[in-house]
Amino acid sequence: MPKKRFMVSGGGTGGHIFPALSIANELKSRYPDAAIEFVGAEGRMEMDRVPKEGYKIHGLPIVGLNRSSIAANLKFPVKLIRSVAQCRKILKEFRPDVVIGTGGFASGPLLYVAQRMGIPTVIQEQNSYAGITNKRLGAKAKAICVAYEGMESFFPKDSIYLTGNPVRPVIVDSHASKADALVYFGLNPEKKTLLVLGGSLGARRVNEAVEQIMPWAEKAGLQILWQCGKLYYKQLEQRIGDNPNVHLHAFISKMEMAYAAGDIIMSRAGAGTISELAIVGKPTVLIPSPNVAEDHQTKNALALVERKAALLIRESEIDERLEADLERLLNDEPRRKQLSENLKKMAIPDATTRIVDLIEPLIG
Ligand SMILES: CC(=O)N[C@H]1[C@@H](OP(=O)(O)OP(=O)(O)OC[C@H]2O[C@@H](n3ccc(=O)[nH]c3=O)[C@H](O)[C@@H]2O)O[C@H](CO)[C@@H](O)[C@@H]1O
C-alpha cells in the first residue's frame, strides 16, 4: 500500500499550533509510516515548535494584515503572491492525500492552492466565530470541524461536524496530582492558588490586572501562579522582585501541572484554552481579549457563561469588578462547585479522534 501523505498548516499562536500538532500526532499513531509535513509562516511560533515535535515545516513569507496601519500592509500583496507560488511548488512535490488547516496566516494560501489543485482539504475552526479566511475556504472544504454549535452562519451546513477542539493527551489523560503540581511549581500547600493564563503569547491587560489584585490576593491567602507571556516576563520580573506569594512564568510547558495546581483560574478566552478548561473543570473567571477578529474571544466566553460554566469580566470592568468577584468566588464553595460541574459538561475529550475519523475517508 502506498504511504499516506498529509500536509498540515496552523500557526501564528499556540491556539492554532497545538491543534495542528494533536491532529498530526493522531494521524502518525494510526499510520506510523505516513509522511507528514507542516507549512507555517516565517518567523512565527510554529517554525520553532513544530520541528521540536519532530515534523518538517516549510516557512512561507506570509504575514497577517495589520489592522491599525495601512502603510504596514503595502508589502502584503507581494508576500501573498509569493506564498501562493511557494505552496503550489510544495504541494506538487509533496503530493499529499489530504491537507488540513487549523488557522493562522499560512493555512490560508496552502488550503486555497490545495483546493484549486483538487486535493481534499479539512478545516478545523477553534472559535465560535469564524475568521474571514476560513469562511472563504469553507465553501470547498470536504469537512469543517468545529467546537461550537450554530456555525451554519459561516460554513455550508453539510460540511460542518461538531468535533470539539483537539486537546493534548497530556491534559486529557493527566494524572498530575495537586500535591505533585504544588511541589513542581514550588507553591505553598497551605494556601489556595490562583492560576492566571494570558494565552500562548500572554496578555498585557491581564498582567496589569494581576498587579492590581496582588495585595488583595496576599491578604486573602491566595498565592498566584502567573503565566504572563514571553514579551512581558522580564519587565514584570523586575517590578515584582522577590515576592514569595507570586510565581511568575513566561510560558508553562507542563500545562497539566498548572491546571492541577490551580484552585481558581483567571484566563483569556482563547478557544484552545477554553476546551482545556472544560476538561479540567475548575472554577474560572474569563477575561476575553477585545482585540481579536470580530471580538471572537467574548463570543467564546459567552458560550460558557450562558451555561453558567464560567464567569466573564470584560476588560472595561476589571477595575470595578475583578477583586470583588474573585473574593465572592473564593468564599462561595457551592458556587465554585456549580461552575466546575457545568464546565465539565462541556468537555469533549475525544475531539482529535473525531477529527481524524473524518480525515480517514478522504485519503487516496
Ligand atoms: C491573541 C490571539 O490571537 N488569540 C487567539 C489565539 O489564542 P492563543 O494562542 O492564546 O490560543 P488558545 O487559548 O486557543 O490556546 C493556547 C494554547 O497554548 C497552551 N499554552 C498556553 C500558555 C502556556 O504557558 N503554555 C501553553 O502550553 C495552552 O495549553 C493552549 O493549548 O488562538 C485562539 C484559537 O484560535 C483564539 O481563540 C485566540 O483568540
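Residues numbered from 1 in each chain as written. Predicted model: local features only at pLDDT ≥ 70, side-chain atom pairs only at ≥ 80, totals over all residues. Heavy atoms only, no water.

Quoted verbatim from the Function (unreviewed entry) heading of the UniProt record, the comment on the protein chain is "Cell wall formation. Catalyzes the transfer of a GlcNAc subunit on undecaprenyl-pyrophosphoryl-MurNAc-pentapeptide (lipid intermediate I) to form undecaprenyl-pyrophosphoryl-MurNAc-(pentapeptide)GlcNAc (lipid intermediate II)." Database annotation for the protein chain, UniProt heading Subcellular location (unreviewed entry): "Cell membrane". (UniProt positions renumbered as here; feature names shortened; annotations may be inferred.)

### Some words on the packing of helix 8 (residues 204-219) against helix 9 (residues 230-240)
Packing of helix 8 against helix 9 brings their axes to within 12 Å, and their N-to-C directions diverge by 10°. Relative to helix 9, the element helix 8 is oriented roughly parallel. For the pair helix 8 and helix 9, contact is made by Arg-204, Asn-207, Glu-211 and Met-214 and by Tyr-232, Leu-236, Arg-239 and Ile-240, respectively. Tallied by class, the residues present in the contact of helix 8 with helix 9 amount to four nonpolar, one polar and three charged. (Axes fitted to C-alpha atoms, helices over the stretch in contact; angles between N-to-C directions. Helix = DSSP H or I, 4+ residues; strand = E, 2+ residues; numbered from the N terminus. Parallel < 35°, antiparallel > 145°, perpendicular 65-115°, else oblique. Contact = heavy atoms within 4.5 Å. Nonpolar A, V, L, I, M, F, W, Y, C, P; charged D, E, K, R; others polar.)

### Here's the deal with the side chain of Asn-73
Structurally, Asn-73 can be placed in the loop between strand 3 (56-60) and helix 3 (76-94). The residues contacting Asn-73, other than those within four sequence positions of it, are Gly-64, Leu-65 and Asn-66.

### Overview of the side chain of Ser-128
Examined against the element boundaries, Ser-128 turns out to sit in the loop between strand 5 (121-125) and helix 5 (132-138). The exposure class assigned to Ser-128 is buried, which follows from its relative accessible area of 14%. The residues contacting Ser-128, other than those within four sequence positions of it, are Tyr-148, Met-151, Phe-154, His-296, Lys-299 and Asn-300. (Buried < 20%, exposed > 50% of the residue type's maximum accessible area, 1.4 Å probe, protein only.)

### Brief notes about the sheet that holds strand 9 (residues 222-227)
With respect to topology, six strands assemble into an open sheet ordered 10-9-8-11-12-13, the strand pairing being parallel. Two strands lie at the open edges of the sheet, namely strand 10 (246-249) and strand 13 (311-312), each paired on one side alone. In the sheet, strand 11 (residues 264-267) pairs with strand 12 (residues 284-286) via three bridges, with the strands oriented parallel. The residue bridging Ile-265 from the neighbouring strand is Thr-284, located in strand 12. (Pairing = 2+ DSSP bridges.)

### Things to note about helix 13 (residues 318-330)
Here helix 13 contains 13 residues, and its C-alpha end-to-end distance of 17 Å stays within 8% of the 18 Å for a straight helix at 1.5 Å per residue. Along helix 13, the positions that sit buried rather than exposed are Ile-318, Leu-322, Asp-325, Leu-326, Leu-329 and Leu-330. Angular distribution of buried residues about the axis of helix 13 spans 125°; they occupy a single face of the element. (Expected span 1.5 Å × (residues − 1). Arc of directions from axis to C-beta.)

### A few points about the site of the ligand
Around the ligand, the structure places 23 residues, and the nearest of them are Asn-127, Ser-200, Thr-273, Glu-276 and His-296. Here an oxygen atom of the ligand and a backbone polar atom of Gly-14 are 3.4 Å apart. Within the side chain of His-296, an N or O atom sits 2.6 Å from an oxygen atom of the ligand. Protein contacts shield 88% of the accessible area of the ligand, which totals 760 Å² for the unbound molecule. When contributions to the shell around the ligand are tallied by element, the ones reaching two or more residues are helix 1 (14-30), helix 11 (271-280) and helix 12 (296-305). Broken down by class, the residue content of the shell around the ligand amounts to six nonpolar, 15 polar and two charged. Residues lining the shell around the ligand come from more than one domain, with at least three contributed by each of domain 1 (5-166 + 350-362) and domain 2 (171-344). (Near = heavy atom within 4 Å. Polar contact = N/O pair within 3.5 Å; in protein donor to acceptor, adjacent residues only side chain to side chain. Areas by Shrake-Rupley, 256 points an atom, 1.4 Å probe, with all protein chains shown as cover. Domains from an automatic or database assignment.)

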